[in-house]
Amino acid sequence: MASNPTPSGSDMPVPDLANLQSLLRAALALGVVSPDEEIEARSQLANRLILKYDRGGPQRNTQDLRDAIEHSDAVLRRLPRDSPTRLPHLNRLSYAHMSEYTASRSRRALDEAVACGRLARLEAAAAGLPENDMELYCDILNNVGVALSYRGQYGREEASEASSAPAAGGRNASAADLDLDEAIGCAREMQTCTRPGTERHAMALLNLASRLKARGDPASHAEAVDLLRQLQVISPPGSVSGLATMQLGQMAVAKYQKSDVLEDLDDALRQMREGMDVMPEGSELRPQYLNLVTVLYSKRYKKVDDVADLRNAVRFSHMALAAVPASHGVRSGYLVQHMRLLRDFVNATASVQEVSEATLEANQHLTNMPREYRERHDCRTLYGEVLGRKYTLSRELEDLDAAVHHIVTVCYDYNARVEQSGTRPQINTSIVYGLSSNVRKLSRAPSGPVRDAGAKNVYDQIATACKSHDFVNGLLSIRAETVTLLGIYADAACSKEAISDEDAQKRATEIELHKATELEDRRSRTPRKPEDYQTELGLRSLAMDPTNKRVVMDLSGLMTDILGYDPSEPVSHTEFVARQARLEKESIEKAKADGKHPNPKLCHMCRLVKPLSLTTETTDGRRAFTWNPEGSFLPFGTWHQLKQRQHCSICRLVLSLITTDPVTNNLHPRLAAIDREIQGVQLRASEVQASGEVVLTVEYGMREVGELRIATERNYTSALRQGWEAREQHHEFGDLIGSAHNQDGQAGRVNGPLHSATGQQVNPSLLGRWLNDCELNHGGACNRSHSHRGERSDTVINLAFIDVIDNCLVSATSAVKYFALSYVWGTVDMSPTLLANYESRCQKGGLPPQLPHTIADTIVLVRALGERYLWVDALCIVQDNPENKMRDIARMDVIYSRAFATVVALRGASADAGLPGVRPGTRYPQQVEPLVVNAGDEDLDCNPGPNSDPDRELVKGKEKVTLHLVATPTPLHLALETSRWDTRGWTFQERLLSRRCLYFADRYVYFQCSRHVLSECGVNGPVRGKQRFWDYNDGKKTLTAFLENPLSDLHHGELTDLTPELRRAKAFAGYVKLVEKYTTRKLSHDADIINAFLGTFAVLNASFQSDIFCGLPAAALDLALLWAPAARLSRRGSTLGLAIRQNIEGKPALGHLLPTNRGTVLQIWGPAEQQTFDQNIDRRFPSWSWVGWVGAVEYRLFAEMRPEEPPPKSLIKEFAINMDGKALQTIPGRKQQRVPSLDDSPSTSATRYDTAISLANLHLNDPDAENKPIASPSLPNILQFLAPTVPLSAFTISTQCEYISALHHIHASGQQAVRHILDRAGARCGLWWEQAGYVYIGRGVSAAAERKMLLVGVSQHHDTFRARTGPSRAEGEIRLFDPAVYPEIGPGSGLVNVLAVDLDMGHEFGERITVARIHARAWEEAGPVMKMVRLA
């Protein structure tokens, strides 16, 4: 047992800890708590939380443990590494993690417990703790020993499983033995350090015996027995003697497991029960021992078939379940075992009363079962068996009704689950649902002979189907005829109609015959098949948006009625401008004719839809204005229309959210890429959940782009960017706003903070609060805390830093608190640090006076934040020291992940652009739009006339009010995409590796961490629609501005508890996102493609637990090979980096051009008559990896997979590669678990390959063997492997191109085209990804060239029972194959993932062309042959 490090006084109060924690977090965020006060507060909270947890019994909540761990982690981050006060905190952390492991069986928690305990023991020895505080030292020894013992036993079990299942992986037995030996050493040391006769000494002996017993050798076993018997004699009755008896009982259990003799089983039961009698009720070991007794009684029942043993098993199982708190993850395992026992018990007993009691108990367990339990479906199925047994004993229709109704809901849940994977067929619920309806109808019918006959008939049918006690599956096998017959009895009984069994059977037969006839008639009809991407009416059909499930509706008719013309009708720009002006003029004239005073600051559309309305509440007897919560304003206008309405205050603000700059008003590129039919603004009123403020959410093309706010006295300090200056200068809201606008709402005096051209500085206190809140309140989510030991990010390295106080370079380690800068160098003079000036720059004041503005501003910023150290690559890396430079490049992951925060410079194209807002006058004033309206006027009119008070004045009977409207900043992801910084390859990993970032854009500063994205003037919290129609997530909508960081899911702790298969799947999913994002970036030097990604590769190495070869992870090499081009790619190092230039050399131009989706045409070049070796290609970067190409790539072959669909089966056993031209090395292929539901079913057409052939069995010494790898290839990085192959000429590539949608928006067409693959009969059987340089394929240009091309099978997707979807275009899915020819579901519905290879490249190896996906049946019919593939 672990030692609780908290004070043990039973009278120690446990106050309202949740409230205390909230108060502490708020104070920490404000920065009003000193480090010493924080350490003290967190330490006390951690102690009290652990105490509360330990005292909680079955009501324990693991959240208390997690909170205690977070506080202890924070304390250790605050304390210096050499502080002697670290020891009790490390010990407490080890204890808390061990308790977490006991509750969850999380391997991560166990590893943390060991790591913390080992560190505590190491530091204790260094500090001489045994001589100064023996009690604390013994606690440390005990806690680390317990953790090591558990991990050693865990590792042995894992190694045993791995020996029977080689793919399982995990820690090996030798590591587990080392853990056990170290745990035994801790117990022996504790034995010598404690006084005999004390409880601590007895616990040391008990732990020693337990660990010796686990070691398993005869000598250790004998010593363990002696120690336990000694403890039984010397220990008083209580926990120690009880635990000793329990351990002897466990030895008796082990003896029985070897002998399988009933006497040994009874002896084990006797000893276990004796130990249970004296074990304390609150012992954390009690559930485990109760569970062991349960298992023993179950085994005894199987031996002697005495139902009394099952009854005892149920009793002890119930006790074990009751002893496990509901918050513990292990409880689900106890529950499903208990449900199985209840099922077995009710099937074994004939007592109706016992079955009824068991049914009630099972129902109670299901009612209290959390929805997140993984075993939920199993438990509910077992409850169905219990209900079924109750019915078979009672034969009451009411019991059958309850059973069948429950099983129907179980079937629905099952179908929802298997839909996520497609690996199993769904249950046909129509029959069981019909059975449920008819049973309920019959049960409610009046008593009589017909009801009895129906009840007897259904009982006989169910009894026959359920002979093996499997009630659920038996019920699902009931035939449709039985359901129909039951329905006839039910109808007759309800109508009190007398009917004989013969007549009922005859009527049922007639009904079934009629159904069969109707079904055959429907099947014989020829279904009407509309053309692809068209509705049945011939109109263009647009896909549903999968991110929000919104369907595109054609509102052109509605808008024609409103506007008086068809907005979809194409017109010239001149006509368009004139039409908009005419609309505006006609709107004003109509309003005036109606006696209104149309507001000149509103356009005709705003006057029509009225985005502002009056509130129901009154202030000073007046109703204020707010954003209109009634309905949505669809459609509000396109970018083109908004540009013609710039006199409108609201439209100007909306325009600012969708354009890249206020001068050119160019539409943001991401929004411009959206299909024209989707483009347009949509507005809706929303509510900020934290404050209740009503804002106007703006969407463009069904994507949120920001909010509009009304600045008021309540929110002006957050809604107005310079509101903080007004607060510091004690300006009231009226004074601040009043100085900025004159009586007509136009700009007035500009000497205030709101519009001063010489101010506009960022508020350092705001940035400090963001940083403080993240560091102190976000725990491990935003801090590489002590809970991530063993990762490279925890490595302490030596670095040079800028001392912003002394203005010089200093040497320190990455353990200090420092900022890092991420920026674009550009072409300016960087004043880099060189060998010649390094020494002088280390002198106080030694930095050059003229530094690039971005670096100089960052120095000022860090100083303003009260910090001292800054890392900037140009100054902190000696640029002309190649060895040290490459060393630092290789550990960028450590540099940026250890930095306290990273400052990101988004403005400009060089390091001279600066950080807007750091120096005065470096950014434009915020756009504030005043809107003067008549008070209380729902039409938002504004009477003309003088107005000395812009906020309120009575003119011609109308009081006026001025609304001050502002827009929030553009979402961060849109701001990033318009920056040059976001296009550079080197900056990619700098953001992802950072804990938290401060982004300085042209107008605003943004903050991002793992939990939040914040900004100046932003709402900075979740918003929800004022109408449920817009509330996509039931009021719990998350921040749309959150930027995904794939690395956040790849920390060791996040992957430890996963199976090897799931770990690889999660790591590969993160890898895919990283590669897709990274390859869109640009590099000044193409050869830096790997160097600029080295920090990310370091994280991926740990995640995959394998090497990275040319950018692809060895652990998932077959998956990683299947990247697809996302646009026209060229080989890295080729002339000018342009594929078009490559193809001109020696290649004939074809006589036709191909139109693209961008309104351009593509010249097609045919293959060269004589292919020669291309000397320009950089052979360090092979064709089979994305690093060998310049341009964006995607893993689209996996993008349409269902959430729980298993990965495809690898068709490659092993790979061989001469990495960097060195000796050949072998890479094992990916191993994976079988998918029994499909592999066990007969397949009529799916290809089966014997992939057990390894490279080692290919007789490499046989000179005549073709299928062997070349030991010393003439080119570096040649990838060799055996795989099934088919010549390209076995298929035809269609000439018709389809452009697939961009990943970020289904209605934004990408630059990548796909073409269908046709079989010999011309039927579509797959998809081919177009690749630059090979557009001529399939166009009848060169059959000779195509004969030298090969299709290589890399992996095969399992058969599916849910039809797969192909990639999407704006109009919807691109079908993978012809479903009339190739099966979509069931046996033979698999797909083969294929690499296309060109074997005629001017050398002896092939080179990758592209990827394709082919239906398994078509692939098999093409006759694949196993060949050795060699790729350069």
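Above this text is the structure in question.
On a predicted model such as this, the values are computed, not experimentally measured, just so you know.

**Things to note about the packing of aromatic side chains**
Step number 1: Going through the model one piece at a time under the given rule, you end up with 24 aromatic pairs.
Step number 2: Aromatic side chains Trp 981 and Tyr 999 sit 6.2 Å apart centroid to centroid with 80° between the ring planes, which places their arrangement in the edge-to-face category. Of this pair, Trp 981 sits in the loop between helix 39 (972–977) and helix 40 (985–993) while Tyr 999 sits in strand 15 (residues 997–1000), and the two are 18 residues apart along the sequence.
Step number 3: Accessibility expressed as a relative area gives 0% for Tyr 999, which makes it buried.
Step number 4: What links up through ring pairs into an aromatic cluster is the set Phe 988, Tyr 1078, Phe 1093, Phe 1097 and Trp 1186.

**Details of helix 16 (residues 352–367)**
Step number 1: With 16 residues, helix 16 extends 22 Å from end C-alpha to end C-alpha; this agrees with the ideal 22 Å at 1.5 Å per step.
Step number 2: Among all positions of helix 16, only Glu 354, Val 355, Ala 358, Thr 359, Glu 361, Ala 362, His 365 and Leu 366 are buried.

**Thoughts on the sheet that holds strand 8 (residues 808–813)**
Step number 1: The mixed open sheet is built from 8 strands, whose spatial order is 8-7-10-9-11-15-16-17. Two strands close off the open sheet at either side, each with one partner strand: strand 8 and strand 17 (1013–1015). Strand-to-strand, the axes of this sheet are offset by a mean angle of 30°, without reference to chain direction.
Step number 2: Bridge count for strand 11 (residues 901–905) against strand 15 is 4 bridges, and the pairing is parallel. Opposite Val 904, over in strand 15, you have Tyr 999 as the bridge partner.

**Remarks on the state of the cysteines**
Step number 1: If you walk through the whole model with that rule in mind, you get 0 disulfides.
Step number 2: Here Cys 648 is not disulfide-linked; the sulfur of Cys 606 is the nearest cysteine sulfur, at 3.6 Å.

**Examining the packing of helix 16 against helix 17 (residues 376–394)**
Any two packed helices are characterised by the angle at which their axes cross and by the distance between the axes.
Step number 1: Two numbers describe how helix 16 lies on helix 17: the axes approach to 10 Å, and their chain directions differ by 155°. Regarding the angle of helix 16 to helix 17, the classification is roughly antiparallel. Helix 16 and helix 17 meet at a crossing whose hand is left-handed. On the side of helix 16, the interface is formed by Val 352, Val 355, Ser 356, Ala 358, Thr 359, Ala 362, Asn 363 and Leu 366, while helix 17 contributes Cys 379, Arg 380, Tyr 383, Val 386, Leu 387, Arg 389, Lys 390 and Leu 393.
Step number 2: Of the residues belonging to the contact of helix 16 with helix 17, the class tally is 10 nonpolar, 3 polar and 3 charged.

**Things to note about unusual backbone geometry**
Step number 1: Its identity as a non-glycine residue notwithstanding, Lys 610 has a phi of 50°, on the positive side.
Step number 2: Structurally, Lys 610 is set in the loop between helix 26 (604–609) and strand 1 (612–619).
Step number 3: Phi is positive for Asn 1020, close to 55°, though the residue is something other than glycine.
Step number 4: In this structure, Asn 1020 sits in the loop between strand 17 and strand 18 (1023–1025).
Step number 5: For Asn 1020, a relative accessible area of 31% puts it in the partly exposed group.

What counts as what
Residues numbered from 1 in each chain as written. Predicted model: local features only at pLDDT ≥ 70, side-chain atom pairs only at ≥ 80, totals over all residues. Heavy atoms only, no water. Phe/Tyr/Trp six-rings, centres within 6.5 Å; stacked < 30°, edge-to-face > 60°. Helix = DSSP H or I, 4+ residues; strand = E, 2+ residues; numbered from the N terminus. Buried < 20%, exposed > 50% of the residue type's maximum accessible area, 1.4 Å probe, protein only. Expected span 1.5 Å × (residues − 1). Pairing = 2+ DSSP bridges. Axes fitted to C-alpha atoms, helices over the stretch in contact; angles between N-to-C directions. Disulfide = S-S within 2.5 Å. Parallel < 35°, antiparallel > 145°, perpendicular 65-115°, else oblique. Left-handed = near helix turned anticlockwise from the far one by under 90°. Contact = heavy atoms within 4.5 Å. Nonpolar A, V, L, I, M, F, W, Y, C, P; charged D, E, K, R; others polar.

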